[in-house]
Amino acid sequence: MSLHRIYHPPDAFSAKDKRELAESITAVYTALGLPEFYVDVIFVAIEKDSFFVGGEAKNKFIRIVIQHLAIQLENAQIKKTIIEKYEKAISPFIKEKDYDWEVC
Amino acid sequence: MSLHRIYHPPDAFSAKDKRELAESITAVYTALGLPEFYVDVIFVAIEKDSFFVGGEAKNKFIRIVIQHLAIQLENAQIKKTIIEKYEKAISPFIKEKDYDWEVC
Amino acid sequence: MSLHRIYHPPDAFSAKDKRELAESITAVYTALGLPEFYVDVIFVAIEKDSFFVGGEAKNKFIRIVIQHLAIQLENAQIKKTIIEKYEKAISPFIKEKDYDWEVC
């Protein structure tokens, strides 16, 4: 299983955004031949001023934490490929809406 | 330490359910000779339509993320035993109430 | 990147506390020569009676989960140093306010 926890400001995503972003992340894995149900996405709303980078509050920041079962991603090349596709998949929902973000 | 984060729909568990589920998870470890205080359980309520499996919103889904200090579970057999007992421990609170769930 | 998720009772920290605690955690890393932006801190408020240690509800407990990119902390001595400095950094916000806590 892979688990994607998306920590976000409460108003960052509409219900439609959430669904489309989850679909988009799922597509990264199905394109690699993994089954749909492999991908869990959880949106965790984080209240204002509860999000810090370098000690500074960030209210337009998205933090995504990806957890793979170790065995399934031991190949560094596959991992790199996934991260690249991932960044592309999330871009319309995050980067193009002017949020900063991190994935790891 | 082991940490059990239980992501759940806001109305999935009563206060009593939470306490009993936490006790039940703790018992998995004490039965193996580990001290009670080894087990932390945190319930994180996730709002409606913020939980996706395979790109589809799931509003009757429980996601449990278990984190063990690596050193304490390097033995694969112990890990398997724990997961089996774990599934049994959580069943009355989750499976038997018709929630889907995942642990890993 | 390092990610610090701080699970806390809703009223544990003021906005000022959060900022100062985040600064204090960040300083642990900058003192080791790591860049400020290396440190993400997320505060996740956990509602009453949703936090258990050893099966018992704890309403004055802080749980911090630190996630480092593996490669950056493979050196056990550095890790130990960070944890020691970390405990010192969080103390005024947690220990000295009579909260129990765990970091790992």
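Residues numbered from 1 in each chain as written. Chains lettered and ligands numbered in written order. Predicted model: local features only at pLDDT ≥ 70, side-chain atom pairs only at ≥ 80, totals over all residues. Heavy atoms only, no water.

Chemist: It is not clear to me how the confidence of the model for chain A should be interpreted in this structure. Could you clarify?
Modeler: As a note on interpretation, predicted positions should not be read in detail where pLDDT is low. When pLDDT is averaged along chain A, the result is 83; 89% of the residues meet or exceed 70. Interface scoring of the predicted complex returns ipTM 0.80; its pTM is 0.82. (pLDDT = per-residue confidence, 0-100.)

Chemist: Please clarify how the relation of the copies chain B and chain A should be interpreted in this entry.
Modeler: Both copies of the chain are placed relative to one another by a rotation about an axis and a shift along it. Note on the identical chains: chain B maps onto chain A by a rotation of 120° and an axial translation of 0.0 Å, with an RMSD of 0.0 Å. Such a combination of rotation and displacement between the chain copies is what one expects of a three-fold axis. No C-alpha of chain B approaches the rotation axis more nearly than that of valine 44 of chain B, which lies at 5.1 Å. Comparing interface residues between copies, only 12% of those in chain B also lie at the interface in chain A; the contact surfaces differ. (Least-squares fit on C-alpha atoms with pLDDT ≥ 70 in both. Contact = heavy atoms within 4.5 Å.)

Chemist: I keep staring at the relation of the copies chain C and chain B and nothing clicks. Help me out?
Modeler: The two copies are related by a screw operation: chain C maps onto chain B through 120° of rotation and 0.0 Å of translation along the axis, at an RMSD of 0.0 Å. Each copy contacts the other with its own distinct surface, as only 12% of the interface residues of chain C are interface residues in chain B too.

Chemist: Help me out: how do you make sense of the pattern of salt bridges in this one?
Modeler: Close approach of charged atoms allows side chains with opposite charge to pair. Residues and elements named next belong to chain A. Following the criterion strictly, the structure yields 13 salt bridges over all chains and no others. In this structure, arginine 19 engages glutamate 23 in a salt bridge whose closest nitrogen and oxygen atoms are separated by 3.8 Å. Highlighted residues: arginine 19 and glutamate 23, both in helix α1 (residues 15–30), separated by four residues, approximately one helical turn. Given the relative accessible area of 39%, glutamate 23 is considered partly exposed. (Salt bridge = Lys/Arg side-chain N within 4 Å of Asp/Glu carboxyl O. Helix = DSSP H or I, 4+ residues; strand = E, 2+ residues; numbered from the N terminus. Buried < 20%, exposed > 50% of the residue type's maximum accessible area, 1.4 Å probe, protein only.)

Chemist: Is there a simple way to explain the sheet that holds strand β3 (residues 51–53) of chain B in this structure?
Modeler: Strand-to-strand pairing in sheets goes through backbone hydrogen bonds, with the strands running parallel or antiparallel. In space, the six strands of this open sheet follow the order β6(A)-β5(A)-β1(A)-β2(A)-β3(B)-β4(B), with mixed pairing throughout. Edge strands, defined here as strands with exactly one partner in the open sheet, are β6 (100–103) of chain A together with β4 (56–57) of chain B. The sheet contacts of α1 of chain A involve β1 (2–8), β2 (39–45) and β5 (61–68) of chain A together with β3 of chain B, and relative to β2 of chain A the element is tilted by about 145°. (Pairing = 2+ DSSP bridges. Axes fitted to C-alpha atoms, helices over the stretch in contact; angles between N-to-C directions.)

Chemist: I'm lost on the interface of chain C and chain B in this one. Help?
Modeler: Often the size quoted for an interface is simply the accessible area lost on bringing the parts together. The interface of chain C with chain B comprises 16 residues on the first partner and 21 residues on the second. Where chain C meets chain B, there are one salt bridge. For aspartate 40 of chain B, the salt bridge goes to arginine 63 of chain C, with nearest N and O atoms at 2.6 Å. Scanning the region where chain C abuts chain B turns up eight residue pairs in polar contact (both at pLDDT 80 or more). Elements with a minimum of two residues in the side of chain C that touches chain B: β1 (2–8), β3 (51–53) and β5 (61–68) of chain C. Split into classes, the residues belonging to the side of chain C that touches chain B amount to eight nonpolar, three polar and five charged. Bridge count for strand β2 (residues 39–45) of chain B against β3 of chain C is three bridges, and the pairing is antiparallel. Residue pairing across strands places isoleucine 42 of chain B opposite phenylalanine 51 of chain C, the latter belonging to β3 of chain C. (Polar contact = N/O pair within 3.5 Å; in protein donor to acceptor, adjacent residues only side chain to side chain. Nonpolar A, V, L, I, M, F, W, Y, C, P; charged D, E, K, R; others polar.)

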